[in-house]
Amino acid sequence: MIKAVFVDIDDTLLDFDAYVKQALQSGFEHFGLKKYEPPMFETFERINNSLWQQVEQGTLDFESLGKIRFDLVFEALGIDFDGARFETYFRECIWDSAILIEGAQPMLAYLSGQYTVCAASNGPYVQQLHRLEVGGIKQYFDYCFISENVGVSKPAPAFFVRALEEVNRGRAEPITAAECVMFGDSLSSDIAGGIHAGFKTVWYNRKHTANTSGICPDYEITKLTQIKEIL
């Protein structure tokens, strides 16, 4: 019987792609850079994903990611501009960006009526909490576990161990790992981490991506409304 649901934030509840595109376009205009074109997002996405994989593997921390991310992006785009300066602008834009993925609020309302609901995200603690609040969904969470505050990033087993220890603090009947679900869009972070922690897993495959990773979630959905078919 499932008792606790751990939910990723970016690209599961909040549309990361949408607000990154907004921030890139406004930033290029703000600093008078070359005209922003949609393919530029693909360059950002490739580099950003590579950096976050290093964070997941423990070979790069979030602070270091911020120092090099846009230097690498601008180098790939042939733009001569201070990446650190653009990173500051980018984070200011992201701070108040909370574009909900369709169905996120109704899904959380449904889950919060039946389970202990926990946010489980890699990223800066205060920023992630603020964005949940801006998006009007923070009230649905009983706990918020963000890598900066937890001290380790998904998919490290320690992330899930520490989170579950906190959930069980003062609880007469502790929730076991087998009674938890990790729900998110990332196979390498959410699903692999959940599997190694002994959680059930639900992969949110919104982009209908073929799974060639060898990582096997217990369930796969393409729309948030489908969570009711599982939980």
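Since the structure is predicted, the reported quantities are computational estimates derived from the model, not experimental observations. (Residues numbered from 1 in each chain as written. Predicted model: local features only at pLDDT ≥ 70, side-chain atom pairs only at ≥ 80, totals over all residues. Heavy atoms only, no water.)

Visitor: In this structure, what is going on with the pattern of salt bridges? I would like to understand it.
Guide: Any two side chains of opposite charge can pair, so long as their charged atoms come close to each other. If you walk through the whole model with that rule in mind, you get 13 salt bridges. Notably, a salt bridge pairs Glu 179 with Lys 3, separated by 3.4 Å at the nearest N-O pair. Residue Glu 179 is located in the loop between helix H8 (157-168) and strand S4 (180-184), and its partner Lys 3 is located in the segment before strand S1 (4-7); the two are separated by 176 residues in the primary sequence. Glu 179 sits in the buried class, given a relative accessible area of 16%. Of the residues examined, Lys 3 reaches a relative accessible area of 28% and is grouped as partly exposed. Of the charged contacts, one joins Glu 87 and Arg 91 as a salt bridge, the two residues approaching to 2.8 Å between their closest N and O atoms. Residue Glu 87 and its partner Arg 91 are located together in helix H4 (residues 83-95), separated by four residues, close to a single helical turn. Taking relative accessible area as the criterion, Arg 91 reaches 28% and is therefore assigned partly exposed. (Salt bridge = Lys/Arg side-chain N within 4 Å of Asp/Glu carboxyl O. Helix = DSSP H or I, 4+ residues; strand = E, 2+ residues; numbered from the N terminus. Buried < 20%, exposed > 50% of the residue type's maximum accessible area, 1.4 Å probe, protein only.)

Visitor: Which parts of the structure should I look at to understand the layout of surface pockets?
Guide: Looking at the largest pocket, its volume works out to about 1100 Å³. Forming the boundary of the largest pocket are 43 residues, of which Asp 11, Asn 49, Glu 56, Asp 185 and Ser 186 lie nearest the centre. Elements supplying a minimum of two residues to the lining of the largest pocket: helix H1 (16-30), helix H2 (39-57), helix H3 (62-77), H4, helix H6 (125-134), helix H9 (187-197) and strand S5 (200-204). When residues in the lining of the largest pocket are grouped by element, the largest group, eight residues, is from H2. The residue makeup of the lining of the largest pocket, split by class, is 13 nonpolar, 16 polar and 14 charged. Volume-wise, the second largest pocket comes out at about 160 Å³. Asp 61, Phe 62, Ser 147, Glu 148 and Ser 153 are, among the 13 residues lining the second largest pocket, the residues nearest its centre. When contributions to the lining of the second largest pocket are tallied by element, the ones reaching two or more residues are H2 and helix H7 (147-150). By residue class, the composition of the lining of the second largest pocket is six nonpolar, five polar and two charged. (1 Å grid on protein atoms, 1.4 Å probe; cavity = no way out; pocket = protein on both sides within 12 Å on 5 of 7 lines; lining within 4 Å. Points joined across faces, edges and corners; volume = space filled by probe spheres on them. Nonpolar A, V, L, I, M, F, W, Y, C, P; charged D, E, K, R; others polar.)

Visitor: Help me understand H6, please; the structure alone is not making it clear to me.
Guide: A turn of α-helix holds 3.6 residues, and therefore any two residues three or four places apart point the same way. Burial in H6 covers these residues: Gln 127, Gln 128, Leu 129, Arg 131 and Leu 132. Packed against the buried residues of H6 are H1, H4, strand S2 (116-121) and strand S3 (143-146). At the exit of H6 stands Gly 136, carrying a positive phi of roughly 75 degrees. (Contact = heavy atoms within 4.5 Å.)

Visitor: Is there a simple way to think about the pairing of S3 in this case?
Guide: In the case of a regular strand, side chains alternate between the two sheet surfaces. Sheet analysis places S2 next to S3, joined by four bridges and oriented parallel. Note on S3: the bridge partner recorded for Ala 119 is Cys 144. Each parallel crossover has a hand, and the one from S2 via H6 to S3 is right-handed. (Pairing = 2+ DSSP bridges. Right-handed = clockwise from strand over helix to strand, strands pointing away.)

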